[in-house]
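Fold and geometry: a report
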Amino acid sequence: MRVALFLTCVNDTLYPDTGRAVVRLLTRLGVDVDFPMGQTCCGQAHYNTGYRHGAEPLARHFAEVFGDYEAIVTPSGSCGAMVRELYPRMGERARAEGRGDALAATLAPVVPKTYELTEFLVDVLGVTDVGAYYPHRVTYHPTCHGLRGLRLGDRPRRLLTAVGGLELVELPGAEECCGFGGTFAVKNAEVSAAMGADKVRNAESTGADVLCAADNSCLMHIGGTMSRLGTGMRPVHIAEILASTKEEPAV
């Protein structure tokens, strides 16, 4: 299978190791991974801030860059949800505004073949044991877009449970938002910070060494809160855990 890695802006700029982990993991599982150099932002930041028309050129570009691949894999629940949930909505709104079906027709081919990483592993490759080894006590935070948008369900947990050496512990209040929410954290800083502190206190109560999630934007917010509160925990993307082996352990 020939797939494209959609890395996303946040990962490309701040967390490139997550992208490298995805490539190592999928290659180990026999997948041919390309990284289209023409990829840019999917338009989520524009759309969520109210600039829907400004997001449309970015969405069209996404469809042009990724359209020829069998599958598009992203280590981001929020950007995956942008393509799967909001691209169709953008097409519908354009049609309702009397601008015809062109946008919907352009975006439609990439919508069903865009997968968040854990979806791709479980639903497309049909694997839960990816041969990983990660000897740490881990708690898992299901991010909002993955939980409510993509409905990832227990896929991440099933993958983590199969990791050798890993002890998975329940996170109290797991389904509560961490408070990031993109521009929400900027416009409502005090509320965002309080929600982040609640999430970190719940994580600390588990005694885990690592808090894991499938979206680095949320982990950035949580990790910043951990740093300010002086906890001993580390935020780690699930891709880096799944890519870790005895021979090539994650740091």
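As a reminder, the structure under discussion sits directly above these lines.
Structural notes, computed from the coordinates. (Residues numbered from 1 in each chain as written. Predicted model: local features only at pLDDT ≥ 70, side-chain atom pairs only at ≥ 80, totals over all residues. Heavy atoms only, no water.)

1. Focus: the sheet that holds strand E8 (residues 234-237)
Going by this rule: What makes two strands pair is DSSP finding at least two bridges between them. We count a stretch as a helix when DSSP gives it H or I for four or more residues in a row; a strand needs E for two or more, and each element gets its number in order from the N terminus. Axis definition: a line fit to C-alpha positions, over the contact stretch in the case of helices; interaxial angles, taken between N-to-C directions, run 0 to 180 degrees.
A sheet is described by the order of its strands in space; here 4 strands give the open sequence E6-E5-E7-E8, paired in parallel fashion. Every interior strand has two partners, whereas the edge strands, strand E6 (167-169) and E8, have only one. Across the sheet, the axes of successive neighbouring strands diverge by a mean angle of 35 degrees, strand direction being ignored. Examined bridge by bridge, strand E5 (residues 137-140) and strand E7 (residues 210-213) share 3 bridges and lie parallel to one another. If you follow Val138 over to E7, its bridge partner there is Val210.

2. Regarding the pairing of strand E1 (residues 2-5)
When E1 meets strand E2 (residues 32-34), the two strands line up parallel, connected through 3 bridges. Bridge pairing links Ala4 to Asp34 in E2. Looking at chain direction, E1 and strand E3 (residues 71-74) are connected through 3 bridges and run parallel. Of the residues in E3, the one forming a bridge with Leu5 is Val73.

3. Some remarks on the nonpolar core
Spelled out, the test is: The term nonpolar core refers to a set of buried residues drawn from Ala, Val, Leu, Ile, Met, Phe, Trp, Tyr and Cys, joined through side-chain atoms within 4.5 Å. Only protein chains enter the calculation, and the probe is 1.4 Å; a residue is then buried if its accessible area is under 20% of its type maximum, exposed if over 50%, and partly exposed in between. Contacts are assigned to residue pairs that have any heavy atoms within 4.5 Å of one another.
Counting 32 residues, the largest nonpolar core has Val3, Leu26, Leu117, Leu121, Tyr134, Ile241 and Leu242 as its most contacted members. Mapped onto this core, the elements with two or more residues apiece are E1, helix H2 (16-28), E3, helix H7 (117-124), E5, helix H9 (155-161), E7 and helix H13 (238-243). Residues in contact with Leu117, not counting those within four places in the same chain, are Val22, Leu25, Leu26, Val73, Thr74, Pro75 and Ala239.

4. Brief notes about the side chain of Asn216
Spelled out, the test is: Here a polar contact is recorded for every N or O atom pair within 3.5 Å, except that within protein the pair must consist of a potential hydrogen donor and a potential acceptor, and residues adjacent in sequence are included only if both atoms are side-chain atoms.
The topology assignment puts Asn216 in helix H12 (residues 216-229). At a separation of 2.7 Å, a polar atom in the side chain of Asn216 contacts the side chain of Asn11. When sequence neighbours within four positions are dropped, the list of residues in contact with Asn216 reads Val10, Asn11, Tyr15, Thr18 and His237.

5. Observations concerning H12
This is how the line gets drawn: Take the residue count of a helix, subtract one, and multiply by 1.5 Å to get its expected span.
For H12, with 14 residues, the first-to-last C-alpha span of 19 Å sits near the 20 Å given by 1.5 Å per residue. All of the buried residues along H12 are Asn216, Ser217, Cys218, Leu219, His221, Ile222, Gly223, Thr225 and Met226. Where H12 is buried, its residues meet helix H1 (9-14), H2, helix H5 (77-96), helix H11 (189-204), E7 and E8. Directly after H12, the chain includes Gly230, whose backbone phi takes a positive value near 70 degrees.

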